[in-house]
Structure formats: structure tokens, C-alpha cells
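An overview of the molecular structure
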Amino acid sequence: MDELLNNAPCGFFVFDDDGKFVEVNQTLLNLLGYERRELGELHLEKFLSVAGRIFYETHFFPLLKLHGKVTEIYLSLHSRTGEEIPVLANAVRHDREGVFYNDCVVVAMYRRNQFEDELLKAKKEAEAATLAKDDFLSVVSHELRTPLNAILGWTQILQGKVLDVRTTKHAVDIIERSAKAQKFLIEDILDFARITSGKLTMEIQRVNMVKIIENAVDIVAPAANTKEIHLQTELDSNGFVSGDSSRLQQVLWNLLSNSIKFTPNGGNVQVKLERLNSNIEISVQDNGQGISAEFLPHVFERFRQIDNSTTKRHSGLGLGLAITRHIVELHGGTINAESPGENLGATFTVNLPEIKRI
Amino acid sequence: MAQNVLERNNVKVFGNGTQPLIFAHGFGCGQNMWRFMTPAFEENYQIILFDYVGSGKSDIKAYKPERYSNLDGYARDIVEICDALDLQDVIFVGHSVSSMIGVLASIKRPELFRELIQIVPSPCYINQADYLGGFDRADIDGLLDLMDKNYIAWANFLAPVIMKNPDRPELGQELEESFCSTDPLIARHFAKATFYSDNRADLSKVKTPSLIIQLTDDAIAPVAVGEFLHKNTPNSTLRLLEASGHCPHLSHPQETINIIKDYLGGVQT
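What counts and what doesn't
- Residues numbered from 1 in each chain as written.
- Chains lettered and ligands numbered in written order.
- Predicted model: local features only at pLDDT ≥ 70, side-chain atom pairs only at ≥ 80, totals over all residues.
- Pairing = 2+ DSSP bridges.
- Helix = DSSP H or I, 4+ residues; strand = E, 2+ residues; numbered from the N terminus.
- Axes fitted to C-alpha atoms, helices over the stretch in contact; angles between N-to-C directions.
- Contact = placed C-beta atoms within 7 Å.
- Nonpolar A, V, L, I, M, F, W, Y, C, P; charged D, E, K, R; others polar.
- Parallel < 35°, antiparallel > 145°, perpendicular 65-115°, else oblique.
- Left-handed = near helix turned anticlockwise from the far one by under 90°.
- Buried ≥ 20, exposed ≤ 12 C-beta atoms within 10 Å, placed from the backbone.
- Right-handed = clockwise from strand over helix to strand, strands pointing away.
- Expected span 1.5 Å × (residues − 1).
- Bend = angle between axes of the 7 residues up to and from the residue.
- pLDDT = per-residue confidence, 0-100.
- Core = buried A, V, L, I, M, F, W, Y, C linked by C-beta atoms within 7 Å.

1. So, the sheet that holds strand β6 (residues 210-218) of chain B
Residue and element names in this part refer to chain B. If you trace the 7 strands from one edge of the open sheet to the other, you get β1-β3-β2-β4-β5-β6-β7, paired in mixed fashion. Looking at strand neighbours, the two that pair on one side only are β1 (12-14) and β7 (236-245), the edges of this open sheet. Pairwise comparison of adjacent strand axes, ignoring direction, gives a mean angle of 15° for this sheet. Here strand β5 (residues 113-119) runs beside β6; their pairing, made up of 4 bridges, is parallel. By the bridge assignment, glutamine 118 is partnered in β6 with isoleucine 212.

2. Observations concerning the sheet that holds strand β10 (residues 279-286) of chain A
Residue and element names in this part refer to chain A. In space, the 5 strands of this open sheet follow the order β7-β9-β10-β12-β11, with mixed pairing throughout. Taken across any chain shown, the strands that pair with only one partner, and hence form the sheet edges, are β7 (230-235) and β11 (334-338). Taken pair by pair, the neighbouring strands of this sheet meet at an average axis angle of 10°, ignoring direction.

3. A closer look at the interface of chain A and chain B
Accessible area lost on assembly of the parts is the figure often given for the size of an interface. Tallying the contact residues gives 26 residues for chain A and 29 residues for chain B. Sorting the residues of the side of chain A that touches chain B by element identifies α4 (50-67), β3 (69-78) and α5 (110-160) of chain A as the ones contributing at least two each. Among the elements that make up the side of chain A that touches chain B, the one with the highest residue count is α4 of chain A (15 residues). Among the residues forming the side of chain A that touches chain B, the class breakdown is 11 nonpolar, 6 polar and 9 charged.

4. Focus on the packing of helix α6 (residues 165-196) of chain A against helix α10 (residues 320-330) of chain A
Residue and element names in this part refer to chain A. Put simply, α6 and α10 touch, their axes get as near as 10 Å, and they point 45° apart. As judged from the angle between their axes, α6 and α10 are oblique. Once α6 is placed against α10, the crossing between them reads as left-handed. Contacts from Asp188, Asp191, Phe192 and Ile195 of α6 reach α10 at Gly320, Ala322, Ile323 and His326. Grouping the amino acids of the contact of α6 with α10 by side-chain chemistry returns 4 nonpolar, 2 polar and 2 charged.

5. Notes on the pairing of β6 of chain B
Residue and element names in this part refer to chain B. Within β6, 7 of the 9 residues are buried, leaving the element largely enclosed by the surrounding structure. Bridging between β6 and β7 involves 8 bridges; their strand directions are parallel. Its bridge partner being in β7, isoleucine 213 is matched across the sheet by arginine 239. Running through helix α7 (residues 223-232), the crossover from β6 to the neighbouring parallel element β7 is right-handed.

6. Let's talk about helix α2 (residues 71-84) of chain B
Residues and elements named next belong to chain B. The end-to-end C-alpha separation of α2 is 20 Å, in line with the 20 Å expected for 14 residues at 1.5 Å each. All of the buried residues in α2 are Leu71, Gly73, Tyr74, Ala75, Asp77, Ile78, Ile81 and Cys82. Just downstream of α2 lies aspartate 86, where phi reads positive at about 55°.

7. Things to note about α4 of chain A
All names here are of chain A. Between the first and last C-alpha of α4 there are 25 Å, a value that for 18 residues agrees with the 26 Å anticipated at 1.5 Å per step. If you look at α4, its biggest bend is around 45°, right at tyrosine 56. Most of α4 is tucked away, with 15 of its 18 residues classed as buried. Of the residues one or two after α4, glycine 68 is the one with positive phi, at around 80°.

8. Section: the confidence of the model for chain B
Residues and elements named next belong to chain B. Looking at chain B as a whole, the pLDDT averages 87, with 87% of positions reaching at least 70. For the stretch residues 154-166, pLDDT sits under 50, and the model shows 12 contacts to residues farther than four places along the chain or on other chains. On the interface metric, ipTM, the complex scores 0.82, and its pTM is 0.66.

9. Remarks on the nonpolar core
What tends to happen in soluble globular proteins is that the nonpolar side chains get buried as a cluster. Phe92, Val93 and Ile101 of chain B are the most contacted members of the largest nonpolar core, which has 100 residues in total. The next biggest cluster of nonpolar side chains, apart from the first, holds 39 residues, and it includes Phe192, Val241, Ile327 and Ile335 of chain A.

10. So, the environment of histidine 142 of chain A
All names here are of chain A. Tracing the backbone shows histidine 142 in helix α5. The class of histidine 142 is partly exposed, set by 13 C-beta atoms lying within 10 Å. Counting along the chain gives 175 residues from histidine 142 to leucine 317, while the straight-line C-alpha distance between them is 9.5 Å.

11. Things to note about the packing of helix α7 (residues 209-226) of chain A against helix α8 (residues 245-261) of chain A
Residue and element names in this part refer to chain A. Contact geometry of α7 with α8 gives a least axis separation of 9 Å together with a crossing angle of 40°. The angle between α7 and α8 falls in the class oblique. The two elements α7 and α8 meet at a crossing, and its hand is right-handed. For the pair formed by α7 and α8, the contact residues are Met209, Ile212, Ile213, Asn215, Ala216, Val217, Ile219, Val220, Ala223 and Ala224 on the first element and Ser245, Leu248, Gln249, Leu252, Trp253, Leu256, Ser257 and Ile260 on the second. Across the contact of α7 with α8, the residue classes break down as 14 nonpolar, 4 polar and no charged.

So this is what it looks like as C-alpha cells:
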């Protein structure tokens with residue numbers, strides 16, 4: 001091998017159809033950590049990962065043999081010390097005195113490899129996000145249509161004939177309830193849009209979280225009563241934070257109504273407020289259907305819902321927790337979810353920085 | 001229907017003999033991989049070549065993810081091709097994963113097959129508690145990553161170009177010629193169907209005589225796998241070929257031809 005090729009700024013080797021090295025340049029020996037005298041022992045398989053070996057046998061070699069060349073194939077080589085070396089390989093076949101050999105050039109591509117990994121990852125995430133958005137849109141349409149159908153249906157009945165007082169009241173109640181349900185959904189969507197565009201505004205003042213919790217409990221109490229859920233509170237005497245009271249109200253309302261929604265009839269929901277190390281810790285614990293270990297890490301992600309079967313059993317957009325986390329974080333706080341598993345209940349814990357009473 | 005199948009699987013029939021000899025390609029390739037083998041059989045056999053749906057020049061529109069999510073769907077391709085050509089007593093030659101596809105097809109319709117010639121087969125690629133397949137699941141995930149990386153140019157950047165340039169079919173052809181697959185997603189599915197398959201329990205159901213060709217130093221199917229197959233497949237013959245790699249029909253075509261001819265000569269007399 002001439003000096004030029006031997007020290008060229010790329011790896012070069014010649015191998016036979018069995019993968020045995022016939023020639024190798026110094027650059028590649030240096031890259032892989034081998035000596036020239038070891039040439040007789042060098043075999044392509046030695047430098048390929050298991051996955052790389054399968055890829056070589058199913059793609060690289062057939063292609064090289066059938067087309068006489070391969071270009072820009074990505075492989076990951078293993079050096080003597082076990083270091084992974086991502087390379088791009090080009091190879092051509094040559095007939096030398098009746099025997100075919102494969103000439104191969106490899107260029108290490110550490111940084112490009114990293115960029116490509118990031119590109120691939122970003123692409124997969126973008127595809128997943130698009131899918132999730134499509135799903136979300138269909139959930140939104142479904143959720144908005146359900147109360148609308150009730151409103152339209154009862155309006156038609158009211159227009160059609162004169163009903164007795166009791167039925168009329170029932171109709172109006174349903175229309176009102178459906179309109180309110182729709183209003184909540186639309187508010188969630190608007191909040192979410194504000195969050196995404198960074199336009200969620202807050203009116204900051206001193207807020208007593210004990211009062212906020214008591215208000216939220218009052219609001220959800222009728223829903224808890226309907227399901228005969230035992231709603232308990234264990235609150236410290238006070239706990240002040242700096243924040244937007246209606247947004248904090250929304251956080252508590254979201255957590256409590258979530259717990260009530262996912263707890264079967266006759267279950268328990270407990271709200272606690274404790275003052276711990278300059279923090280206000282609020283926890284909402286239930287003994288409801290819990291969260292699987294698989295879904296737990298995604299519970300606060302936007303456009304995520306447990307699964308379709310759950311979506312069918314429980315209405316809602318699945319935006320509530322994403323909005324909740326965002327509001328908590330805007331207040332400099334944290335929120336986390338814990339669950340020992342499905343049907344074993346769940347605990348949501350919010351930590352907010354406490355401000356001392358002046 | 002018959003014509004559809006022949007077009008769908010890009011079936012090619014040639015040769016001067018009457019005994020049907022069907023060559024089934026493995027994962028990652030198409031029928032063109034048999035081109036070093038077929039000339040040796042043209043004189044005395046009716047040779048049938050094809051591409052599985054999703055590989056080579058098959059009709060990609062016929063690809064159904066559910067059907068091809070496991071090897072059974074591929075076995076149906078074989079049976080449908082045999083029926084479309086009205087074949088019987090077929091000698092089936094399968095490379096790698098196609099060996100098991102042939103096994104499944106022969107269990108479905110034993111009367112169609114006379115011999116199963118399995119080149120570097122494996123009934124299960126992943127190591128199990130009492131079985132050494134050669135790979136762990138993480139290795140197969142690594143393969144899928146490698147495929148993603150290598151298909152990236154085609155899948156992410158070239159594919160839209162193909163779609164936007166229907167008047168430039170050479171762009172699609174280039175892709176087909178490079179990895180024998182027109183669609184990276186299909187290649188991924190085929191990889192999963194191949195390497196996550198476990199057909200060990202099917203071996204005892206094989207009624208067709210089999211020749212198992214194993215390499216002494218195979219990169220994918222260890223020698224122990226060949227021995228396992230031989231032990232568990234009724235009426236099977238194991239032949240070891242002194243070679244490394246996983247594509248003896250490409251790297252050692254003459255030796256592979258000799259083993260097959262020798263076996264067929266033996267069983268024919």
C-alpha cells in the first residue's frame with residue numbers, strides 16, 4: 001500500500017466475501033486500535049455490533065454483491081477498547097486476478113451522528129405530536145357535540161309542544177347543565193391556547209390556600225355527594241402564597257374533580273394542606289382507579305389521555321392536568337403524581353412557596 | 001385473482017424443465033439475490049422467482065400491515081403463488097427467514113411441496129431460557145435503529161421527493177435498488193416479523209422432507225440452531241457448508257448449488 005493511502009484521512013480496508021481483511025491502512029488500524037501484524041486475524045465481524053452484523057448480512061453485503069458498490073452506509077464499529085465509532089462507509093467490488101475483493105472506505109462521523117440522532121428523534125416526536133393533535137381534535141369535537149346534542153334535542157322538544165311544569169324544568173336544567181359543561185370545555189381549550197402562546201395572565205395577590213381549598217371543596221361537594229364519595233379535609237390553620245386566586249382555585253378544582261371522576265361510588269378523597277420548610281404542600285389523595293406505571297410519566301402531558309377505553313368511560317378533554325401543571329409552575333411551584341398502580345388510587349401533590357404573614 | 005397474485009408478487013417463471021423450483025428471498029432483499037444460483041438449475045427445472053409483498057418490485061399497494069405482521073402472511077404469499085401457477089410437488093428453496101416461511105406454507109398445504117430446502121434457517125432468533133437463538137431483544141432494537149439511520153436519507157428526505165416527482169420514477173427505482181425495499185416502514189415491519197418470530201413449535205408438524213444448509217461460521221444463525229432444527233424437524237437432512245456470513249448463495253454460490261444438486265440427485269434416484 002502506498003504511503004498516501006496508508007495515511008489518508010479516512011479508514012481504508014479490503015475484505016473478501018467472507019469478511020476477512022486482506023489489506024488495511026494505518027489510519028483505520030489507529031482508529032480501531034490494532035497493529036499491522038494482527039492483519040491476519042482481522043475480520044469484519046470483529047468490529048461490528050450484533051445489530052451491525054445483521055445489518056451487514058441483510059443489507060450491506062447483498063447490496064455490494066448485487067450492485068458492485070454501496071454508498072453512504074451508516075455502521076457502528078467497535079474498537080479494541082470497546083469504543084463505538086459511528087462511520088459512513090462506501091465500498092466497491094474489484095476483480096483481482098479472478099478473485100473478487102471489496103474495497104471499503106470509512107469516515108468517522110461522531111458529530112454528524114449525533115445530529116442525525118437528534119433529527120430522527122425530533123422527527124419521531126413531531127410525528128407523535130401530530131398524531132396526538134389529531135386524536136385531540138377528534139376528542140374535542142366529540143366532547144363539544146355531546147352537550148350540544150342534549151341542548152338541541154331538548155330545545156326541539158320545548159318548541160314542539162307545551163310540556164308540564166316538571167318536564168319543562170327538567171328540560172331547562174339539562175340545557176343549562178349542558179351549556180355549563182360546554183363552557184368549561186371551551187374555557188379549558190382557551191386556557192390551553194393561552195398557555196401555548198404564552199399569554200396566560202395572572203393577577204398576583206396574597207392568597208390563603210386554606211380558603212382556596214375550602215371554596216373548591218364547596219364547589220365539588222355536590223358531585224362527591226352524588227357518588228357517595230367521602231370527601232375529607234385535613235388543613236393547617238393557614239397557608240399564604242403569592243398568586244392568582246382564581247387560577248389557584250382552578251388548580252384545586254381540577255385536582256378534586258379529577259379525583260372524584262376517577263373514584264368509584266362510595267370511595268374516599270382526602271385533601272391535606274401542610275406547611276413544610278417554607279413551602280405549602282397540598283395533596284389530593286383518592287382510592288380510585290389509579291394510574292398505571294406506564295402512563296404515570298405522561299399524566300401531565302398535553303394531548304394525553306389514559307387510553308381510548310378510559311376516554312369512553314370518562315368524559316373530558318384530558319387538558320385539565322396539563323393546564324394545572326402550567327399554572328402551578330407559573331407560581332414557582334411543582335406538582336407530581338403518584339400511584340401504586342391501577343385500581344390502587346392516586347395522590348397528586350402540589351408544592352408552592354409560602355409567604356409569611358406580614 | 002391468479003393474474004393479480006402474479007403481478008402483486010412480481011412473479012417470474014423460466015427454465016426448460018417441468019419440475020417446479022421456487023426460490024424465496026430473505027429479509028432485506030428481493031428475487032435478484034438468486035441470480036448467481038438460478039443459471040445452474042435453468043436447464044432441468046421450471047424456476048419461479050418472486051418478491052414478497054413489500055420487497056423488491058412487488059406491488060406496494062397490496063401491503064397490509066396486519067397480514068404481514070407475522071410470517072404467516074408471508075406464507076400465504078407462497079401458497080397463493082403456487083395456486084396461481086397451479087403448481088404441485090414444488091421444490092422450495094428459502095433463504096434465512098424464508099426457510100420458516102416455507103415451513104409454515106408446507107404445514108398449511110403439504111400437498112403443494114415435495115422438498116423444503118432451507119438455506120441458513122432459524123426457527124427463533126431470540127435467546128430463550130432453554131434455547132440459544134443468537135440474539136437478545138436489545139440487539140434487534142439496535143438493528144431497527146441502524147435501519148432507521150440508514151433509511152434516513154430515503155425515508156425522511158428522499159421519499160417526499162419521490163411523491164412530488166411522479167414524472168421521475170428513477171428516484172423510486174434508486175431506492176428500490178439500494179435496499180430492495182420501496183418503503184422503510186415496511187422494511188421495519190418485516191424486520192420485526194422476522195426477528196421476533198418463534199416457530200419452534202411448528203417444526204414437528206412438517207411433513208415435507210427438508211434439507212437444512214448451515215454455515216460453519218454463520219453471522220446470524222449459530223450452528224446449534226441448525227442442529228436444533230435437524231433434531232426437531234421430521235425427515236430432515238443437515239448439511240454444513242464451510243463458510244462464514246449469512247448469504248452463501250451470494251458469497252459461495254457454487255458450493256451452495258453443489259449441496260442442493262447433490263441432495264436432489266440423491267432423493268430423485
